[in-house]
Amino acid sequence: FLSDLGRTISHGGHNNFHSSLLFNMALTFAGITYILFYFYLGRFLKGDKIAALGSFCGISGAICFIGVAFTPADLFLPPHITFNLWIFRFFLVATFCYSWIIYKSKRIDNKYLIGNAIFIVSLIFYILVLTFGPTPRDPGGLEFQAVSQKFIMFNFLASIVIQTMGFSKLTNNY
């Protein structure tokens with residue numbers, strides 16, 4: 001898993017300080033970036049209750065990113081898993097909310113919904129994998145879970161780029 005980079009001790013029993021420090025700093029920075037993104041997006045769409053819910057969930061998901069960073073799996077496994085599970089649930093709701101806003105907006109081209117739809121389907125798939133998929137202890141389960149995680153993280157990156165491009169159209173129209 002990606003968060004193995006944040007372990008303080010590697011699976012082989014070696015000190016993992018440098019990898020842990022860099023990974024957890026990067027994950028914290030990503031969380032702060034998402035917090036800022038959703039805070040300012042919600043502020044920009046002030047008064048829209050769906051935007052407020054979307055920003056609340058986006059910020060909550062971002063806090064969960066930071067929570068994963070501050071709970072290395074080798075030291076704090078239960079909260080680490082909880083934060084990890086909630087990242088995807090919160091971002092699913094945030095993406096639904098902002099997809100609805102894009103759909104209803106006359107100022108944002110609905111083509112941006114395609115990227116969000118792919119992200120939503122990917123999030124649902126990954127939440128189902130986390131909830132009902134094979135465990136890392138099942139034969140082939142670790143590989144399936146790890147590949148699914150890489151897939152969803154790629155979609156996270158693509159989604160934020162697409163959302164930024166779409167919502168930047170709003171600021172260009174003012």
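Above this text is the structure in question.
Residues numbered from 1 in each chain as written. Predicted model: local features only at pLDDT ≥ 70, side-chain atom pairs only at ≥ 80, totals over all residues. Heavy atoms only, no water.

(A) Structural detail: the overall build of the chain. A tally of helices and strands in the chain yields 5 helices and 0 strands. Shown N-terminal to C-terminal, the secondary structure of the chain runs as helices and strands in the order α-α-α-α-α. Computed over the C-alpha atoms, the radius of gyration of the chain is 17 Å, within 12% of the 16 Å expected from 2.2 N^0.38 for a compact globule of 174 residues. Per-residue burial over the chain gives 42% buried out of 174 residues. Put simply, 65% of the contacts in the chain that link residues at least 6 apart link residues at least 24 apart. For the chain, the computed accessible surface area is about 9,900 Å², with 74% contributed by carbon and sulfur atoms. Across the chain, the mean location of the 12 positive side-chain charges is 16 Å away from that of the 6 negative side-chain charges. (Helix = DSSP H or I, 4+ residues; strand = E, 2+ residues; numbered from the N terminus. Rg over C-alpha atoms; globule rule 2.2 N^0.38 Å. Buried < 20%, exposed > 50% of the residue type's maximum accessible area, 1.4 Å probe, protein only. Contact = heavy atoms within 4.5 Å. Areas by Shrake-Rupley, 256 points an atom, 1.4 Å probe, with all protein chains shown as cover. Lys, Arg positive; Asp, Glu negative; His and termini not counted. Charge placed at Lys NZ, Arg CZ, Asp CG, Glu CD.)

(B) Structural view of empty space enclosed by the protein. Following the criterion strictly, the structure yields 1 cavity of 30 Å³ or more and no others. Quantified by volume, the largest cavity comes out at close to 30 Å³. What lines the largest cavity is simply Tyr34, Tyr38, Phe91, Thr95, Phe119, Phe156, Ser159, Ile160 and Gln163. Only helix H1 (17-44), helix H3 (77-104) and helix H5 (141-172) provide two or more residues apiece to the lining of the largest cavity. Top element by residues in the lining of the largest cavity is H5. It accounts for 4 residues. Split by residue class, the lining of the largest cavity holds 6 nonpolar, 3 polar and no charged. (1 Å grid on protein atoms, 1.4 Å probe; cavity = no way out; pocket = protein on both sides within 12 Å on 5 of 7 lines; lining within 4 Å. Points joined across faces, edges and corners; volume = space filled by probe spheres on them. Nonpolar A, V, L, I, M, F, W, Y, C, P; charged D, E, K, R; others polar.)

(C) Examining the layout of surface pockets more closely. The computed volume of the largest pocket comes to approximately 1,100 Å³. The wall of the largest pocket is formed by 40 residues, among which Phe1, Ser3, His80, Asn84 and Gln149 lie closest to the centre. Of all the secondary-structure elements, those providing two or more residues to the lining of the largest pocket are H1, helix H2 (49-70), H3, helix H4 (112-132) and H5. Of the residues forming the lining of the largest pocket, the biggest block, 8 residues, is contributed by H1. Class assignment for the residues of the lining of the largest pocket results in 27 nonpolar, 10 polar and 3 charged.

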